[in-house]
Amino acid sequence: MSDSPAKPARKPAAFPAAPEIARAAQDWLDYLSGEKRCSRHTLAAYARDARFFLAFLAEHKGAPANAALLGALAPADLRAFMARRRAQGVENRSLLRGLAAVRSLMRFLEKRDLAKTDVFAAIRAPKRPHALPKALGVADARELVDPATRAGEAREPWIIARDAAALALLYGAGLRISEALSIDRDAAPIGKIDRVTIHGKGGKTRVAPIIEPVRRAIEDYIRLCPHELSGGPLFIGARGGRLSPRILQLAMERMRGALGLPDSATPHALRHSFATHLLGRGGDLRSIQELLGHASLSTTQIYAAVDKQRLLEAYRSAHPRAGRGESRE
């Protein structure tokens, strides 16, 4: 055992503000950690964003922030802060989180009569980036759920069949990975059972129809599995417990490397592909909403944008004049 003294725990950096504000800001962090039970990553991010804000105010106003300064903040001050962060290369997603941290701090200070938060009502928050889901092509999706794709892997046949069956549920029924892995053996959609009851987000229940190719994949897995499945989960790990989502994610990583697919080819991308391919084949949004278990149709409507984007890409790649200047003959 070493006789050297243990290193003292590193103290968090002080907040660049007047002493009463700095102490209250530290109390705010303690409140987030204790009562709100925020994760350490959230605490670190919020503390960093709050320090950026207080340091900006000290420079912008020419003095450390105190109660009088925080109580007299104007919308122009917040806009100047956002402009500074954008100039530093901060994107909208991080800027939104930063504003949430500052608003949380200011509300905490307001309860101690050290600040006012009405200034936030006068500014417009940056738009949240809305990336379109990354759907796979039909051929790629089929290869990912085909056990033959992994024929060369040094893994037991039942494990390859298990992964293929679970992924087939994601693509063939539009299930979330957690929903597929929550199915119990006694409720398995096999034989004449062509549907499964899913308990989705928010405790909502829906019935998902299961097409025959997916049922066959599940039957193949059950037939090959060396473990007793009755009375327990349908999909199990090598030690017999319920299968971890991480196992399927790793399987997808290996397959997308072998198939030359992008990093966006994840298990969840199979669910996106289910919706996008259905829409491309004439499925209506309301039916797809029910199949996916979306609470709002607006959530499902994003797939209409995905389908439109795919059509435009096909047009640009195939049309002889797409993307080119049209010369007069």
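Owing to the predicted nature of the structure, the values given are computational and were not obtained by experimental measurement. (Residues numbered from 1 in each chain as written. Predicted model: local features only at pLDDT ≥ 70, side-chain atom pairs only at ≥ 80, totals over all residues. Heavy atoms only, no water.)

(A) Main features of the overall build of the protein chain. Counting secondary structure elements, the protein chain contains 14 helices and 2 strands. Scored against the burial criterion, the 329 residues of the protein chain give a buried share of 40%. On the protein chain, roughly 19,200 Å² of surface is accessible, and the fraction owed to carbon and sulfur atoms is 51%. (Helix = DSSP H or I, 4+ residues; strand = E, 2+ residues; numbered from the N terminus. Buried < 20%, exposed > 50% of the residue type's maximum accessible area, 1.4 Å probe, protein only. Areas by Shrake-Rupley, 256 points an atom, 1.4 Å probe, with all protein chains shown as cover.)

(B) Structural view of helix 12 (residues 285-292). For helix 12, the complete set of buried residues consists of Ile288, Gln289 and Leu292. Take helix 12 and look down its axis: the buried residues cluster within an arc of 105°, on one side only. Two residues or fewer after helix 12 comes Gly293, characterised by a positive phi angle close to 80°. (Arc of directions from axis to C-beta.)

(C) How the structure looks around the confidence of the model for the protein chain. On average, residues of the protein chain carry a pLDDT of 84, and 84% of them reach 70 or more. Taken element by element, the predicted model of the protein chain shows its lowest mean pLDDT in helix 14 (residues 302-318) (55) and its highest in helix 9 (residues 212-224) (96). Predicted confidence is poor over residues 324-329, with pLDDT under 50, and the contacts of this stretch with residues over four places away or in other chains come to 4 contacts. (pLDDT = per-residue confidence, 0-100. Contact = heavy atoms within 4.5 Å.)

(D) View of the side chain of Arg256. Structurally, the position occupied by Arg256 is in helix 10 (residues 245-259). A distance of 3.4 Å separates a polar side-chain atom of Arg256 from the backbone oxygen of Asp263. Look past the residues within four positions of Arg256 in its chain and what remains in contact with it is Leu261, Pro262, Asp263, Ala265 and Thr266. (Polar contact = N/O pair within 3.5 Å; in protein donor to acceptor, adjacent residues only side chain to side chain.)

(E) Inspection of the environment of Glu20 at higher detail. Along the chain, the position of Glu20 falls in helix 1 (residues 19-34). When the C-alpha positions of Glu20 and Asn66 are compared, they lie 7.4 Å apart, and in sequence the two are 46 residues distant. Apart from the residues lying within four places of it in its own chain, the contact partners of Glu20 are Asn66, Ala67 and Leu114.

(F) Highlighting the pattern of salt bridges. Under the definition given, this model contains 17 salt bridges. Between Glu153 and Arg150 there is a salt bridge; the shortest N-O distance is 3.1 Å. By relative accessible area, Arg150 is classed as buried at 3%. One salt bridge connects Glu212 with Arg216, and the closest N-O pair in it is separated by 3.2 Å. Taken together, the residues span about one helical turn, with Glu212 and Arg216 both in helix 9 at a distance of 4 residues. The class for Glu212 is partly exposed, based on a relative accessible area of 46%. Salt bridges here are not isolated pairs; linked through shared partners, they connect Arg150, Glu153, Arg155, Arg162, Asp163 and Arg254. (Salt bridge = Lys/Arg side-chain N within 4 Å of Asp/Glu carboxyl O.)

(G) View of the nonpolar core. Residues Leu169, Tyr221, Phe235 and Leu270 are the most contacted members of the largest nonpolar core, which totals 49 residues. Those elements giving two or more residues to this core turn out to be helix 6 (138-144), helix 7 (157-173), helix 8 (177-181), strand 1 (195-199), helix 9, helix 10, helix 11 (267-280) and helix 12. Per element, the largest residue contribution to this core is 11 residues, and it comes from helix 7. Not counting residues within four places of it along the chain, the set of residues in contact with Leu270 comprises Leu136, Ala141, Leu144, Val145, Leu167, Leu170, Tyr171 and Met252. Ranked by size, the runner-up nonpolar core spans 38 residues in total, among them Ile21, Tyr46, Ala47 and Val102. (Core = buried A, V, L, I, M, F, W, Y, C linked by side-chain atoms within 4.5 Å.)

(H) Spotlight on the UniProt feature "active site" (unreviewed entry) in the protein chain. UniProt records the feature "active site" (unreviewed entry) at Arg176, Lys201, His268, Arg271, His294 and Tyr303, using the numbering of this structure. Relative to the assigned elements, Arg176 resides in the loop between helix 7 and helix 8. Contacts of Arg176, omitting those with residues within four sequence positions, involve Leu170, Gly200, Lys201, Arg206, His268, Arg271, Leu292, Gly293 and His294. Within the structure, Arg176 has its side chain in polar contact with the side chain of Glu179 (distance 2.5 Å). (UniProt positions renumbered as here; feature names shortened; annotations may be inferred.)

(I) Broad picture of the packing of helix 7 against helix 11. As a packed pair, helix 7 and helix 11 sit with axes 6 Å apart at the nearest point and diverge in direction by 30°. In terms of their interaxial angle, helix 7 and helix 11 are classed as roughly parallel. In contact with Leu167, Leu170, Tyr171, Gly172 and Ala173 of helix 7, helix 11 contributes Pro267, Leu270, Arg271, Ser273, Phe274 and His277. Here the residues of the contact of helix 7 with helix 11 sort into 7 nonpolar, 3 polar and 1 charged. (Axes fitted to C-alpha atoms, helices over the stretch in contact; angles between N-to-C directions. Parallel < 35°, antiparallel > 145°, perpendicular 65-115°, else oblique. Nonpolar A, V, L, I, M, F, W, Y, C, P; charged D, E, K, R; others polar.)

(J) Inspection of the packing of helix 7 against helix 10 at higher detail. With their axes 11 Å apart at the nearest point, helix 7 and helix 10 run at an angle of 95° to one another. By the angle class used here, helix 7 and helix 10 are roughly perpendicular. Counting all contacts with helix 7, which are made through Arg162, Asp163, Ala166 and Leu167, the residues of helix 10 involved are Ile247, Leu248, Ala251, Met252 and Met255.

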